[in-house]
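Here are the chains, one letter per residue:
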Amino acid sequence: INFIFYNRRKSSTEAEIDHSISISGMAGVFDSTKQWTTDMPNPKSFVEEALRTIDSSKFLHRTDGGDVSQGTYWWVAPASLILGGLTVTFMAYHVVKLIFYKGRSRKGVDTRPNLTVGVFRNKRICTADAVLQFLFPLILPVGELCLDESGKAPSTETLARIRAKTNTVSAMTYNTTIEALDYEKETVALRNCTVLLHTRKVDEDTHIPTAQKPPLVVWAHGGGLTIGSAVDATLADFMKLVARNLHGPQGRGGEMPAWASVEYRMAPEHKFPAAIDDFVDAVLHFHEENALSDSYSSIHLAGTSAGAYLLFPALERLSRCHPNISISSVFAQEPMMPLTGDYPSEFVNAYTRTCPPRWIKWAWGSFAPGGEDVYCGMTESSWWSGYAAESRPPRFIVTLAKGDPMFGAAHALVDAMEAAEGMKMDVFVAESSHACSVLDYSVHEKMVEKLVDNLYNPTENNSEERASDESFDEDSD
């Protein structure tokens, strides 16, 4: 900083520059005589010259012999020291805070000495995920949304603050992606909720009409049934990945899908089954609309985390009360599951920071305080056997994360589904924590390819397979 001000002051008085410092750039070298050269200096000599040039005497004195403290910028040196000290202190504080982070998500967590491991020792997640786990409390401190040691729930002020921060972080990615993909947004008002409908803008001058109609994906956002919104960054990521799969360098082509993101009511203000009611209302609305306008080729259900959970009871309600509605496929990314203490994953991944177990337990208690069967019997294989026998089930994609405390319970759900004859499924298992499967790129890429297959070839894509089933066993680690 001192050097910059020093040179700026001299050039303003047109004083002779008695020394220069070369700065390497992307295309060449720029020195303080304002000449751009294309000859890149030898790195070793460049560093040696820089060290000789930036010396304390030239930092602290002017060429006319006067001390910097006597000039206009005498305050720069102490200001630099103060600013540097504050920066180092701030960084050191947050590093220590992250290393020893407990933030209620770790205090009182049900652990097992022979199972529970720290974030960086957890072999169920990749290295990139471990780094994210370490930094995540600075992004979203969801560990604060937990029952404290006395059993007291988080305050309404804390919940409002975390919700606001979640929506702000999510909207940053969402708005940028929607604008880049050229989607139009329309708010659809339903009985108790709203839906954000995203359809691709059509340029009449360049658009080439096709006989193929776009599929419609009805989306449910994540957030533990307590935070999040229809303005969902995860939705935006999937919109971008599907668009790339369709219209990238090796894309298959086709009309871009429409996406309907449901702003369902959340706990603790609205209990079970309010969120399910809202999602079912959205599906019914678009089914009736499509019956009149014939705008979409097929209707699909999709969601992540808590949104992935909602797909299951919504499907149960539709099959029981509206059997005439045809759902072509279901995409459930790491469905939120109740923690019962019956599965090792609850203890192996007890210290996760993206989805702390105590937050999960508080969220379920807020949503279903009466201990209702939130999955409506769907965790039993008998339900799926009856469902497959009585109807034509949609094709399912279910993704699981090995670093997720809910991995064992979700694994049991998948086992129940696969035990039923006639179920068509693809299961993907990522080495990541909850809702972070994008960090396991190879698995995530295959999952997106299968999702696009289901959107555009729902009747032809009927081969049963288990994708990425390596180390799928709950007790394998």
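Residues numbered from 1 in each chain as written. Predicted model: local features only at pLDDT ≥ 70, side-chain atom pairs only at ≥ 80, totals over all residues. Heavy atoms only, no water.

1. Remarks on the pattern of salt bridges
Applying the stated rule across the entire model yields 9 salt bridges. A salt bridge links Asp278 to Arg265; its shortest N-O distance comes to 2.9 Å. Here Arg265 lies in the loop between strand 7 (258-263) and helix 8 (274-293) and Asp278 lies in helix 8, a separation of 13 residues in the sequence. (Salt bridge = Lys/Arg side-chain N within 4 Å of Asp/Glu carboxyl O. Helix = DSSP H or I, 4+ residues; strand = E, 2+ residues; numbered from the N terminus.)

2. A short note on a nonpolar patch on the surface
Together, Phe120, Val131, Leu135, Leu138, Ile139 and Val169 make up a nonpolar patch on the protein surface, roughly 480 Å² of accessible area in all. Broken down by element, the residue count for the nonpolar patch peaks at 4 residues, all from helix 5 (residues 127-139). With respect to the helices, strands and loops of the structure, Val169 is situated in helix 6 (residues 156-181). Take Val169: its relative accessible area is 31%, and that puts it in the partly exposed class. (Patch = residues over 30% accessible without salt bridge, like charges linked within 9 Å, V, L, I, M, F, W, Y side chains within 5 Å. Areas by Shrake-Rupley, 256 points an atom, 1.4 Å probe, with all protein chains shown as cover. Buried < 20%, exposed > 50% of the residue type's maximum accessible area, 1.4 Å probe, protein only.)

3. Side note on the side chain of His221
Among the structural elements, His221 can be located in the loop between strand 6 (216-220) and helix 7 (233-247). Using a relative accessible area of 0% as the deciding quantity, one classes His221 as buried. Not counting chain neighbours up to four residues away, the residues in contact with His221 comprise Ile227, Gly228, Ser229, Ala230, Asp232, Val262, Glu263, Tyr264, Met266, Thr304, Ala306 and Gly307. (Contact = heavy atoms within 4.5 Å.)

4. Brief notes about the pairing of strand 5 (residues 194-200)
On any regular strand, side chains alternate: one points to one face of the sheet, the next to the other face. Direction of pairing for strand 4 (residues 183-189) relative to strand 5: antiparallel, over a ladder of 7 bridges. Note on strand 5: the bridge partner recorded for Thr187 is Leu196. As consecutive antiparallel partners, strand 4 and strand 5 are separated by 4 residues. Relative to strand 7, strand 5 runs antiparallel, the two being bridged by 5 bridges. Bridging across to strand 7, Thr194 finds its partner in Glu263. (Pairing = 2+ DSSP bridges.)

5. Considering the state of the cysteines
Using the criterion set out here, one finds 0 disulfides in the structure. Lacking any disulfide linkage, Cys436 is separated from the closest cysteine sulfur, that of Cys126, by 8.7 Å. The buried category is assigned to Cys436, whose relative accessible area is 9%. (Disulfide = S-S within 2.5 Å.)

6. Considering helix 8
With 20 residues, helix 8 extends 29 Å between its outermost C-alpha atoms, agreeing within 8% with the 28 Å of an ideal straight helix rising 1.5 Å per residue. Turning to helix 8, its buried residues are Ala274, Ala275, Ile276, Asp278, Phe279, Val280, Asp281, Ala282, Val283, Leu284, Phe286 and Asn290. Turning to helix 8, the residues buried within the fold contact strand 5, strand 6, strand 7, strand 8 (299-304), helix 9 (306-321) and helix 11 (357-367). (Expected span 1.5 Å × (residues − 1).)

7. Some details on the packing of helix 8 against helix 9
As a packed pair, helix 8 and helix 9 sit with axes 9 Å apart at the nearest point and diverge in direction by 65°. Relative to helix 9, helix 8 is oriented so that their crossing is right-handed. Mapping the contact onto sequence places Ala275, Ile276, Asp277, Phe279, Val280, Val283 and Leu284 in helix 8 and Tyr309, Leu310, Leu311, Pro313, Ala314, Arg317 and Leu318 in helix 9. Here the contact of helix 8 with helix 9 is built from residues that sort into 12 nonpolar, no polar and 2 charged. (Axes fitted to C-alpha atoms, helices over the stretch in contact; angles between N-to-C directions. Left-handed = near helix turned anticlockwise from the far one by under 90°. Nonpolar A, V, L, I, M, F, W, Y, C, P; charged D, E, K, R; others polar.)

8. Thoughts on the sheet that holds strand 4
Judged by pairing direction, the sheet is mixed, and its 8 strands sit side by side in the order 4-5-7-6-8-9-10-11 without closing on themselves. Single-partner strands in this sheet number two, and they are strand 4 and strand 11 (424-430). Ignoring which end each strand starts from, the neighbouring axes of this sheet average 15° apart. Pairing of strand 6 with strand 8 involves 5 bridges; the strand directions are parallel. Across the sheet, residue Val218 finds its bridge partner in strand 8, namely Leu301. Contacting strand 10 (395-401) and strand 11, helix 13 (residues 407-418) crosses the sheet at an angle of about 155° to strand 10.

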